[in-house]
Each structure stands twice: as structure tokens, then as C-alpha cells.
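What follows is each chain in one-letter form.
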Amino acid sequence: MSLQEIIYRFRYALSIAELSALALRPFACPLCGPSLLLRLARDSIGVRCLRCGASAITLSFAAALAAERPGYRRERVYELSSRGPLFELFRRQIPDLTYSEYFDDVAPGASRGGVQCQDVQRLTHADASFDLVTSTEVFEHVADDRRGFSEIRRVLRPGGAFIFTVPITDAERTVERAVMSEGKVQHLLPAEYHDDRIRGRGAVLVFRDYGRDIVGRLRAAGFGEARIDSRFERAFLGAGCLVVVARV
Ligand SMILES: [Zn+2]
């Protein structure tokens, strides 16, 4: 972790701290083992593993991944990011790991700084290249998520799985917040942005708020099975997230 990232994290921690929420508890981190769980605020990014820095979203994802796909370390895995505690864990655990980032000014398949650029709407990987594809908090930022889901389906081999997180509301139906029209973003609702490890605070547009119908979108994209794993939604001092599991 760079000094810049440590300062960023510390300032960020101070900015979100709520005194009434403060809690510290020993726990078995699904990423790094025996550790302490720190709660600074009552939401999924205010709860973190003190040792590896994983947020409650990452903790829920890692716990669900271990439960849903226990043999993943020996598989051909494709992760849609190149930084953070989960990526560092994958790099240690998985010998056959492929990873990428989306850079809007780099051609898909080309690299920057040793990291390959991929656009999930048009992956350059061959059909049936992977056993498992993973992502955390990516697809709400993909303009054409249906095409992205189809592309993930295409690069998975028979028996493969796509396990990922996105923010999912209690609503039955997904609400589109923005669409791409003739190469330009058209806002249907007030623009909402999320932080990004590479681009910084509030840098990436949220195209939609997923509802429970996300599983229907995955089935329509060719996945044989799609469901939401809620086991770890509040497993980390009350915080965490739903994890989506889709199988070919
Ligand atoms: Zn940890």
C-alpha cells in the first residue's frame, strides 16, 4: 500500500466516522485470517478488516465465494480489477489468474502499466476461457449491462460461474438512472457517482439501481442458473452485501 493510499484511507475513515457506531471485535477475516473488525459507520464501507483493509462488501464477497465455489483457487479465474485487498488475495491464491481494468483511453486487449484493458461489453478473450469470473461493484457502472453479462457468459466454460456484487435494492425492478444514446450519456434521474480505486472519489457514473430482477437479466444473457446469496448480507458487525451467483 502506498503512502498516498494510507493517507487517503485515514482521511476517508475520519470523514465517515460516527461515534455511536464505533466498534472493534476479533473476527476470522475471510481474506486474511484472524484479525480485528473495525466499525466506523453503520454501512458497508464503514466496516473494515484492520489487517487487510477489506470493506464489508469485500468481506461478504469473499465469504460467499468460499461457500459457493470452494475449489476456486485451482480454477482459471478472471477478476475485473487489479487493485485492493481482494485482488492481492487472488494474486497469492490463484496460479491461473487473469485480471483487467477498464481504461476509456486504452484499446481493449492493450495494456497500461502492466494491466490489460478490457471493456466487459466487448471482451477480447476467447469463448470458454475461464472457470470463474468475479467482480465487485462494477456492473452498475456498465452502460449496456445485458451485453456485458452475455460477454461474461461467452468467456465461461460449461460448468463455469460468475460471482459478483453490485448494489441491489429491495425493489423488484431495476431502475435505469442513465443510458448511452449516440455515444453520449443521457440522464434519466439525477446523476449519481461512486468512488473508484483508479479514478478517485465520486468519479464513476451509476447507470442503474439494480432490483431483484437482476437474476432475470442474467438468465436472459444465457446463464442457466442465477440467484442472490444473502447469507453474508449483515455478517460483519451488521454490514455486508448481497452476492449474485450465476452459473452457466
Ligand atoms: Zn482481512
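Whatever comes next refers back to the structure up there.
Residues numbered from 1 in each chain as written. Predicted model: local features only at pLDDT ≥ 70, side-chain atom pairs only at ≥ 80, totals over all residues. Heavy atoms only, no water.

It is not clear to me how the coordination of the zinc ion should be interpreted in this structure. Could you clarify?
Working reference: metal with six octahedral donors, ideal angles 90 or 180 degrees; metal with four tetrahedral donors, ideal angle 109.5 degrees. Around the zinc ion, the protein contributes the donor atoms C29 (SG), C32 (SG), C49 (SG) and C52 (SG), which lie 2.3 Å from the metal centre. The site at the zinc ion holds four donor atoms, and with the angles between them running 102 to 115°, its shape is tetrahedral. In primary sequence terms, the donor set of the zinc ion follows C-x2-C-x16-C-x2-C. In terms of burial, C29 and C32 fall into one category: buried. (Donors = N, O, S within 2.8 Å, 3.2 Å for Na, K, Ca; no water. Tetrahedral: all angles 85-135°; square planar, octahedral: opposite > 155°, others 65-115°. Buried < 20%, exposed > 50% of the residue type's maximum accessible area, 1.4 Å probe, protein only.)

Just checking my understanding: could you explain the packing of aromatic side chains for this structure?
Any pair of aromatic rings gets described here by the distance separating the centres and the angle formed by the planes. Under the defined criterion, the tally for this structure stands at eleven aromatic pairs. When the ring of F149 is compared with that of F164, the centres are 5.9 Å apart and the planes differ by 45°; the resulting orientation is tilted. Remark: F164 occurs in strand 9 (residues 156–165) and F149 occurs in helix 4 (residues 145–155); sequence separation between them is 15 residues. By relative accessible area, F149 is classed as buried at 0%. Residue class for F164 comes out buried when judged on its relative accessible area of 0%. Counting every residue linked through ring pairs, the aromatic cluster contains F139, F149, F162, F164 and F223. Residue placement shows R112 over the ring face of F103; its charged tip is 5.0 Å from the ring centre. (Phe/Tyr/Trp six-rings, centres within 6.5 Å; stacked < 30°, edge-to-face > 60°. Helix = DSSP H or I, 4+ residues; strand = E, 2+ residues; numbered from the N terminus. Lys NZ or Arg CZ within 6 Å of the ring centre and 35° of its normal.)

I keep staring at the sheet that holds strand 5 (residues 97–101) and nothing clicks. Help me out?
Pairing between sheet strands relies on hydrogen bonds along the backbone, with the strands arranged either parallel or antiparallel. Pairing is mixed across the open sheet formed by eight strands, whose spatial order is 6-7-5-4-8-9-17-16. Both edges of this open sheet fall to strand 6 (111–112) and strand 16 (225–229), since each of them pairs with a single strand only. When strand 5 meets strand 7 (residues 115–117), the two strands line up parallel, connected through two bridges. The partner of S100 across the bridge, within strand 7, is Q116. Where helix 2 (residues 56–68) meets the sheet, its contacts fall on strand 8 (130–136), strand 9, strand 16 and strand 17 (243–247), and the angle it forms with strand 9 comes to roughly 155°. (Pairing = 2+ DSSP bridges. Contact = heavy atoms within 4.5 Å. Axes fitted to C-alpha atoms, helices over the stretch in contact; angles between N-to-C directions.)

Explain unusual backbone geometry to me, please; I cannot follow it from the model alone.
Residues apart from glycine generally show negative phi values, whereas peptide bonds are mostly found in trans. Within the chain, A128 stands out as a residue other than glycine whose phi angle is a positive 55°. Overall, the relative accessible area of 34% leaves A128 in the partly exposed class.

Please clarify how the pairing of strand 2 (residues 33–39) should be interpreted in this entry.
Remember that side chains alternate between the two faces of the sheet whenever the strand is regular. Two strands pair when backbone bridges link them, and strand 1 (residues 23–29) and strand 2 are joined in this way by seven bridges, in the antiparallel orientation. Along strand 2, the bridge assignment pairs P26 with L36. Two successive antiparallel strands, strand 1 and strand 2, enclose a turn made up of three residues. Direction of pairing for strand 2 relative to strand 3 (residues 47–49): antiparallel, over a ladder of three bridges. Across the sheet, L38 pairs through a bridge with R48, a residue of strand 3.

Explain a nonpolar patch on the surface here, please?
A surface patch of nonpolar side chains, amounting to about 280 Å² of accessible area, comprises L24, L36 and L50. Examined against the element boundaries, L36 turns out to sit in strand 2. (Patch = residues over 30% accessible without salt bridge, like charges linked within 9 Å, V, L, I, M, F, W, Y side chains within 5 Å. Areas by Shrake-Rupley, 256 points an atom, 1.4 Å probe, with all protein chains shown as cover. Salt bridge = Lys/Arg side-chain N within 4 Å of Asp/Glu carboxyl O.)

Explain the pattern of salt bridges here, please?
When charged atoms on two side chains of opposite charge get close, those side chains can pair. Following the criterion strictly, the structure yields 25 salt bridges and no others. In this structure, E68 engages R231 in a salt bridge whose closest nitrogen and oxygen atoms are separated by 3.0 Å. Taken together, the positions of E68 in helix 2 and R231 in the loop between strand 16 and strand 17 put the pair 163 residues apart, joining distant regions of the chain. D105 is the salt-bridge partner of R112, the closest N and O atoms lying 2.9 Å from each other. Judged by relative accessible area, which is 38%, R112 ranks as partly exposed. Judged by its relative accessible area of 54%, D105 is exposed.

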